[in-house]
Amino acid sequence: MSKNIRFLTKNFGQYDTSSIGSYMNIGGFEALRKAVNMDPEEICDLIASVKVRGRGGAEYPMGRKWSQARAVVGENKIVVCNADEGETTTFKDRELIKNDPFNLIEALIIAGYVVGATDGYIYMRAEYACFRPLLLNAIRQAKNYGFLGENILGKGFNFQLHLYSGGGAYVCGEGTALIRSIEGKAGRPRMKPPFIKVSGLFARPTCLNNVESLSIVPHLLMDADHVYASCGSGESIGTKMISVAGNVNRPGAFEIPFGTTIREIIYNLAGGIQKDRGIQLIQFGGASGKVADDSILDTPYTYDDLRAAGVMVGSGAMLVIDKRTSVIDFLRMNQEFFSEESCGQCTPCREGNLHIKIILDKIANHTATREDIRIMATIARVMSMSSLCGLGETAQNTLQSAMLAFPEVFEIGGAE
């Protein structure tokens, strides 16, 4: 299988990212021109036909999401781009923003047309402040050229785009917390229902998508040769942006066809393990992702194959840890992150993260008992079932998967 397919990244390095004219010279905004002459439901069907799933971690079918958002009755709908990308070791959206900002703007306008929105918001993480001038310039130029504003392309379609920066809170990657942050409130999740597609930003019907999810759309609309559909198979069609970090020689963001093996990703794309050390574990999908040992190396990178192996695609991140770091030390580091980033609003997450941190420290100090291990597993299970938002629900994915993959580490007397 070819590893050099460039679909999402085909514009990288091909135009001046500060110039809309340069973008238009390589076919920019042709997808928008095509979109406004199509039935919006036809665009939803196109996205559904190649089984695009949300690329922020939830993996919800994107064609279905847009169709549902379009069906919601309400005025002044909103589309939101989640560019918070706070998941650790995840930085592929950053590359899409930096190398192809006009494509993201074009994608948001198409999203607005499809769902019937009048406003779009990009919510970008605080640490990406260096890209604010790039996006603000792209928005301004798109407006000057008539791609934003009133009566876009003479189709009676009105759409405005706004850029907001977060304050650096991981929890604001969750949809309702993100929306509250844009509204000027504390970035804390709220109960659902109402779901944001019915009552979201400013209590208006809202459709929220990740940077990568949106970035696919213009390319799909112009994919006359069906390049995207020719990649992958089954439920995993097309290509995927991934980010590889940790103890590898060439960490970075890569576009891969679904079906590429984990071994090919680590050794061919990321250059192998530093100084040829052995792999201790690989974490998939960031801090809230699951872990596996090196027996997963020959598993194809697809939704179904990874799930069968006990992990998941999630945010598209892969963190490779070599033998210098023990499993327990890695879990303690991961747990420190969640203990810090929990908003503290709900008891299972607030108290659960604190107590699991205490027990992991006891394991590291060889003072844990079998009862501690049992309590830790129970807390992790309760958190996954009863936390208010996705942070608490997934915070112990790493621990729970590690207890399955490395049971010997949790045996009293055998802990690392």
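Named according to an unreviewed UniProt entry, the protein chain is NADH-quinone oxidoreductase subunit F originating from Selenomonas montiformis. Within the UniProt record for the protein chain, the comment given under Sequence similarities (unreviewed entry) is "Belongs to the complex I 51 kDa subunit family."

> Could you give an account of the sheet that holds strand β12 (residues 317–322), with specific residues and numbers?
Across the sheet, which stays open at both edges, the 5 strands sit in the order β9-β8-β12-β10-β11 with mixed pairing between neighbours. Here the strands that pair on one side only, and so sit at the sheet edges, are β9 (252–257) and β11 (290–292). Between one strand axis and the next, the sheet turns by 25° as a mean value, whatever way the strands run. Here strand β10 (residues 279–284) runs beside β11; their pairing, made up of 3 bridges, is antiparallel. Its bridge partner being in β11, Phe284 is matched across the sheet by Lys290. On the sheet, helix α5 (residues 92–99) packs against β8 (239–246) and β9 and is oriented at approximately 115° with respect to β8. Packing against the sheet, helix α10 (residues 262–269) makes contact with β8, β9, β10 and β12, and its axis sits at approximately 110° to β10.

> Explain the nonpolar core to me, using residue names and the numbers behind them.
In this structure, Trp66, Ile109 and Phe410 are the most contacted members of the largest nonpolar core, which totals 108 residues. Sorting elements by how many residues they give to this core places helix α6 (residues 101–115) first, with 11 residues. Residues in contact with Trp66, not counting those within four places in the same chain, are Ile43, Cys44, Ile47, Ala111, Val114, Val115, Cys207, Asn209, Leu214 and Val217. The next biggest cluster of nonpolar side chains, apart from the first, holds 25 residues, and it includes Phe254, Phe258, Leu269 and Ile279.

> Requested: an account of the pattern of salt bridges, with residues and values cited.
On inspection of all chains with the given rule, the structure shows 25 salt bridges. Here Glu95 ties to Arg94 by a salt bridge, and the two come within 3.2 Å at their closest N and O atoms. On the accessibility criterion, Glu95 (14% relative accessible area) is buried. Note that Arg263 is salt-bridged to Asp298, the shortest N-O span being 2.8 Å. Here Asp298 lies in the loop between β11 and α11 (303–308) and Arg263 lies in helix α10, a separation of 35 residues in the sequence. Residues joined in a network through salt bridges with shared partners are Arg55, Lys92, Asp93, Glu212 and Lys240.

> An account of the environment of Gln141 is needed here, citing residue identities and associated values.
If you trace the backbone, Gln141 turns up in helix α7 (residues 132–144). Spatially, the C-alpha atom of Gln141 lies 36 Å from that of Gly232, the residues being 91 residues apart in sequence. Side-chain polar atoms of Gln141 contact the backbone nitrogen of Ile20, separated by 2.8 Å.

> Quick rundown of unusual backbone geometry? Include the residues and the values.
Excluding glycine, most residues fall at negative phi; most peptide bonds, likewise, are trans. Of note, the amide linkage connecting Lys192 to Pro193 takes the cis form, showing an omega dihedral of 0°. In this chain, Pro193 is followed by Pro194 through a cis amide linkage whose omega measures 5°. Checked against the element boundaries, Pro194 lands in the loop between α8 (175–182) and β5 (206–210). Despite not being glycine, Phe29 shows a phi value in the positive range, around 70°. Note on placement: Phe29 falls in the loop between α1 (20–25) and α2 (30–35). On the accessibility criterion, Phe29 (0% relative accessible area) is buried. Of note, Asp276 is a non-glycine position whose phi angle comes to about 55°, a positive value.

> Account for the side chain of Asn82, with residues named and values stated.
Locating Asn82 in the fold gives a position in strand β1 (residues 77–83). In this structure the side chain of Asn82 is engaged in a polar contact, spanning 3.0 Å, whose partner is the backbone nitrogen of Asp84. Separated by 3.1 Å, the side chain of Asn82 and the backbone oxygen of Gly173 make a polar contact. Not counting the four nearest positions on each side in its chain, Asn82 is found in contact with Asp93, Tyr123, Gly173, Leu178, Leu208, Asn209, Asn210 and Val211.

Thresholds, definitions, all that
- Residues numbered from 1 in each chain as written.
- Predicted model: local features only at pLDDT ≥ 70, side-chain atom pairs only at ≥ 80, totals over all residues.
- Heavy atoms only, no water.
- UniProt positions renumbered as here; feature names shortened; annotations may be inferred.
- Pairing = 2+ DSSP bridges.
- Helix = DSSP H or I, 4+ residues; strand = E, 2+ residues; numbered from the N terminus.
- Axes fitted to C-alpha atoms, helices over the stretch in contact; angles between N-to-C directions.
- Contact = heavy atoms within 4.5 Å.
- Core = buried A, V, L, I, M, F, W, Y, C linked by side-chain atoms within 4.5 Å.
- Buried < 20%, exposed > 50% of the residue type's maximum accessible area, 1.4 Å probe, protein only.
- Salt bridge = Lys/Arg side-chain N within 4 Å of Asp/Glu carboxyl O.
- Polar contact = N/O pair within 3.5 Å; in protein donor to acceptor, adjacent residues only side chain to side chain.

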